[in-house]
Amino acid sequence: MANHIIISLIFVALSFGLLAFAFEPSPLQDFCVADSTSSARVNGLVCKHPTSVVADDFFFSGLHVPGNTSNPNGSRVTPMTVAQLPGLNSLGISMVRVEYAPWGINPPHTHTRATEILTVIEGSLQVGFVTSNPDNNLITRTIKKGDVFVFPIGLVHFQRNVETGNAVAIAALSSQNPGVITIANTVFGSNPGISGDILAKAFQVDKSVVDQLQNKF
């Protein structure tokens, strides 16, 4: 009886081992252009049939166009993710162009699925990120045209134009759909809103301050 149990356990272990080795994280075809017409739910987007793929599936035009920075933050992000460029599907990369008005900011935010590498095309930026609890160290410096800075995946980060002229940056992200969580919008502008009592206690301020902030978002 004991031998039968041991043999069964070995068989199960080998079976799971074979299944594990069958997993392949890399693409198994040349490309997987996103099919926006499909209603199927997968981790990513369903592939078009290769015979229906065209050059425009891998093309995007618009990163040269200045963004409108007439908003409270004084910045504009132009994304180039799989939503704009179907050929990025399954390739694990995307880009953005960021415009900054004088002293404009790209406010504290995080990308839940991507590391970001940013280079300044025009102007100078103060950039930084904050390490995770419990240290919460601020890593920051000023970068200028031609400089590069990396924001590790998941960490809260920001940029600020530190000059009186406009600034421009281009960033690459290690996901076709990096996701973005802007801290202020998320905390004070959720729908439905987080209880003011909870936020007042969390931020150690009077509830009237929280009410004022929630009204802005």
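Residues numbered from 1 in each chain as written. Predicted model: local features only at pLDDT ≥ 70, side-chain atom pairs only at ≥ 80, totals over all residues. Heavy atoms only, no water.

- In the nomenclature of an unreviewed UniProt entry, the protein corresponds to Germin-like protein from the organism Penstemon smallii.
- Per UniProt, the comment on the protein under Subcellular location (unreviewed entry) is "Secreted, Extracellular space, Apoplast".
- Heading Sequence similarities (unreviewed entry) of the UniProt record for the protein holds this comment: "Belongs to the germin family." (UniProt positions renumbered as here; feature names shortened; annotations may be inferred.)

**Some remarks on the layout of surface pockets**
Turning to step 1, where the next piece is worked out: Its boundaries defined by the atoms lining it, the largest pocket holds a volume of some 630 Å³.
Turning to step 2, where the next piece is worked out: Residue lining of the largest pocket: 24 residues in total, with V77, N106, P107, V180 and T182 positioned closest to the centre.
Turning to step 3, where the next piece is worked out: Secondary-structure elements contributing two or more residues to the lining of the largest pocket are β1 (75-80), β2 (94-100), β3 (105-110) and α2 (183-188).
Turning to step 4, where the next piece is worked out: The element that contributes the greatest number of residues to the lining of the largest pocket is β1, accounting for four residues.
Turning to step 5, where the next piece is worked out: Across the lining of the largest pocket, the residue classes break down as 11 nonpolar, 11 polar and two charged. (1 Å grid on protein atoms, 1.4 Å probe; cavity = no way out; pocket = protein on both sides within 12 Å on 5 of 7 lines; lining within 4 Å. Points joined across faces, edges and corners; volume = space filled by probe spheres on them. Helix = DSSP H or I, 4+ residues; strand = E, 2+ residues; numbered from the N terminus. Nonpolar A, V, L, I, M, F, W, Y, C, P; charged D, E, K, R; others polar.)

**What about the state of the cysteines?**
Turning to step 1, where the next piece is worked out: This structure, assessed with the given rule, holds one disulfide.
Turning to step 2, where the next piece is worked out: Between the sulfur atoms of C32 and its disulfide partner C47 the distance amounts to 1.8 Å. In this structure the cystine formed by C32 and C47 twists about its S-S bond by roughly -95 degrees; its chirality is therefore left-handed. Linking C32 in the loop between α1 (2-21) and β1 with C47 in the loop between α1 and β1, this pair joins segments that are 15 residues apart in sequence.
Turning to step 3, where the next piece is worked out: C32 gets classed as buried once you look at its relative accessible area, which sits at 6%. (Disulfide = S-S within 2.5 Å. Buried < 20%, exposed > 50% of the residue type's maximum accessible area, 1.4 Å probe, protein only.)

**Topic: the side chain of Q159**
Turning to step 1, where the next piece is worked out: As for its placement among the helices and strands, Q159 is situated in strand β8 (residues 157-161).
Turning to step 2, where the next piece is worked out: A polar contact is formed between the side chain of Q159 and the side chain of Y100, at a distance of 2.8 Å.
Turning to step 3, where the next piece is worked out: When residues no more than four places from it in sequence are discounted, the contact partners of Q159 are Y100, G104, I105, N106, H109, E116, L118, L125, Q126, V127 and F151. (Polar contact = N/O pair within 3.5 Å; in protein donor to acceptor, adjacent residues only side chain to side chain. Contact = heavy atoms within 4.5 Å.)

**Points about the confidence of the model for the protein**
Turning to step 1, where the next piece is worked out: Of all residues in the protein, 88% attain a pLDDT of 70 or more, and the chain-wide mean is 89.
Turning to step 2, where the next piece is worked out: Low confidence marks residues 12-16, where pLDDT is under 50. Its contacts with residues over four positions away, or in another chain, come to zero contacts.
Turning to step 3, where the next piece is worked out: In the predicted structure, residues 18-23 sits below a pLDDT of 50 and forms zero contacts with residues beyond four places in sequence or in another chain. (pLDDT = per-residue confidence, 0-100.)

**Observations regarding helix α3 (residues 196-203)**
Side chains that are three or four residues apart share a direction in an α-helix, a result of its 3.6 residues per turn.
Turning to step 1, where the next piece is worked out: Among the residues of α3, G196, L199 and A200 are the ones counted as buried. In a view along the axis of α3, the buried residues occupy a sector of 100 degrees, so they form one face of it. Among the exposed residues of α3, those oriented more than 90 degrees off its buried face are D197, I198, K201 and A202.
Turning to step 2, where the next piece is worked out: Of the surrounding secondary structure, the elements contacted by the buried residues of α3 are α2 and α4 (207-216). (Arc of directions from axis to C-beta.)

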